[in-house]
Amino acid sequence: MDQILDTPEENVSNLKFASWGSRLGAALLDGLIIVAVFAIVFFSFVAAVGLNFLESLQSIQSLTSGQSDGAVIAGFAGLIAVFLVLVIGVILYYALMESSKGQATLGKKAVGIIVAKENGDKLTFINALGRYFAKAIGTGISWLLTLIGLVSLAPVLSFVYSLLNYFWPLWDKKNQALHDKIAKTYVFKK
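Residues numbered from 1 in each chain as written. Predicted model: local features only at pLDDT ≥ 70, side-chain atom pairs only at ≥ 80, totals over all residues. Heavy atoms only, no water.

(A) Summary view of the overall build of the protein. From N to C terminus, the protein includes nine helices and two strands. If you take every contact in the protein between residues at least 6 apart in sequence, the share linking residues at least 24 apart comes to 62%. Total accessible area on the protein is roughly 11,900 Å²; 70% of this is exposed by carbon and sulfur atoms. (Helix = DSSP H or I, 4+ residues; strand = E, 2+ residues; numbered from the N terminus. Contact = heavy atoms within 4.5 Å. Areas by Shrake-Rupley, 256 points an atom, 1.4 Å probe, with all protein chains shown as cover.)

(B) Molecular detail of the pairing of strand 1 (residues 113-116). Neither face of strand 1 is open: one carries Ile113 and Val115, the other Ile114 and Ala116, and all of them are buried. Summarising the sheet, strand 1 and strand 2 (residues 186-189) pair through four bridges and their orientation is antiparallel. In the sheet register, Ala116 faces strand 2, and the bridge partner there is Tyr186. (Buried < 20%, exposed > 50% of the residue type's maximum accessible area, 1.4 Å probe, protein only. Pairing = 2+ DSSP bridges.)

(C) Representation of the nonpolar core. If you look at the biggest cluster of nonpolar residues, it comprises 16 residues, and the most contacted ones within it are Ile34, Val90, Tyr93, Tyr94, Ile113, Tyr132 and Val187. Breaking this core down by element, the ones donating at least two residues are helix 2 (20-49), helix 4 (70-98), strand 1 and helix 6 (125-135). Considering each element in turn, this core owes the most residues, six residues, to helix 4. Aside from chain neighbours lying at most four places away, what touches Tyr93 is Asp30, Ile33, Ile34, Thr105, Leu106 and Gly107. (Core = buried A, V, L, I, M, F, W, Y, C linked by side-chain atoms within 4.5 Å.)

(D) Looking closely at the packing of aromatic side chains. The full count for this structure, using the stated rule, is nine aromatic pairs. Relative to Phe188, the ring of Phe17 has its centre 5.5 Å away and its plane inclined at 20 degrees; by these criteria the two rings are stacked. Note that Phe17 is positioned in the loop between helix 1 (2-5) and helix 2 and Phe188 in strand 2, a separation of 171 residues in sequence. Ring geometry for Tyr93 versus Tyr94: centroids 5.2 Å apart, planes at 75 degrees, classification edge-to-face. Comparing Tyr93 with Tyr94 shows no difference in burial state: the two are buried. A network of ring pairs unites the aromatic residues Tyr93, Tyr94, Tyr132 and Phe133 as a single cluster. (Phe/Tyr/Trp six-rings, centres within 6.5 Å; stacked < 30°, edge-to-face > 60°.)

(E) Spotlight on unusual backbone geometry. In this structure, Asn175 is a non-glycine residue whose phi angle is positive, near 55 degrees. Relative to the helices and strands, Asn175 is located in the loop between helix 8 (154-167) and helix 9 (178-183). Even without being glycine, Lys184 reaches a positive phi, approximately 60 degrees. Tracing the backbone shows Lys184 in the loop between helix 9 and strand 2.

(F) Fine view of the pattern of salt bridges. Tallying each qualifying case throughout the model produces six salt bridges. Two residues, Lys108 and Glu98, come together in a salt bridge whose shortest N-O distance is 2.9 Å. Of the two residues, Lys108 sits in helix 5 (residues 106-111) while Glu98 sits in helix 4, which places them 10 residues apart along the sequence. We note that Lys108, like Glu98, is buried. Linking Glu98 and Arg131 is a salt bridge whose minimum nitrogen-to-oxygen distance equals 3.1 Å. (Salt bridge = Lys/Arg side-chain N within 4 Å of Asp/Glu carboxyl O.)

(G) Looking closely at the side chain of Thr185. Structurally, Thr185 is set in the loop between helix 9 and strand 2. Setting aside residues no more than four positions away along its own chain, Thr185 makes contact with Val115, Ala116, Leu123, Arg131, Gln176, His179 and Asp180.

As structure tokens, this is what we get:
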């Protein structure tokens with residue numbers, strides 16, 4: 001009877017927590033990939049609409065002074081749209097890759113680590129999305145405090161959360177960052 005009620009823990013004994021160094025390496029690689037994609041898309045947009053950096057800065061200044069024409073407003077709106085698509089793309093990159101069969105972003109694959117539930121099972125898309133937003137709490141705190149007028153406090157709290165989040169695995173017995181604890185996820189060696 002006990003054997004029927006007890007579910008076997010598959011793979012749990014084989015799983016080893018990823019080191020902080022491998023997590024850092026993966027984060028740096030993913031960061032480089034994201035910056036490269038951002039740069040390619042941004043400069044492609046700038047080239048497509050015919051703006052250079054000085055013109056775009058003048059466009060932003062003319063928008064704030066109220067002396068802008070329709071083309072400047074359209075270009076600026078396009079720039080905002082491209083930025084939003086890129087941000088959504090980053091969110092989807094992490095959520096889709098970490099909830100995929102491979103259980104890892106490109107950076108994590110390169111260093112040989114995966115993101116999983118405690119028993120090694122792959123995350124659902126919702127789990128992975130929650131993990132991403134738990135990681136982004138620092139940025140959310142910053143935006144929220146800025147919106148309510150506590151601008152000087154925003155970067156400090158955002159920085160403190162981000163610092164604690166990324167260094168937490170150094171002293172956590174399961175090498176979890178704060179966003180892993182919030183999302184109930186683990187990073188394992190593959």
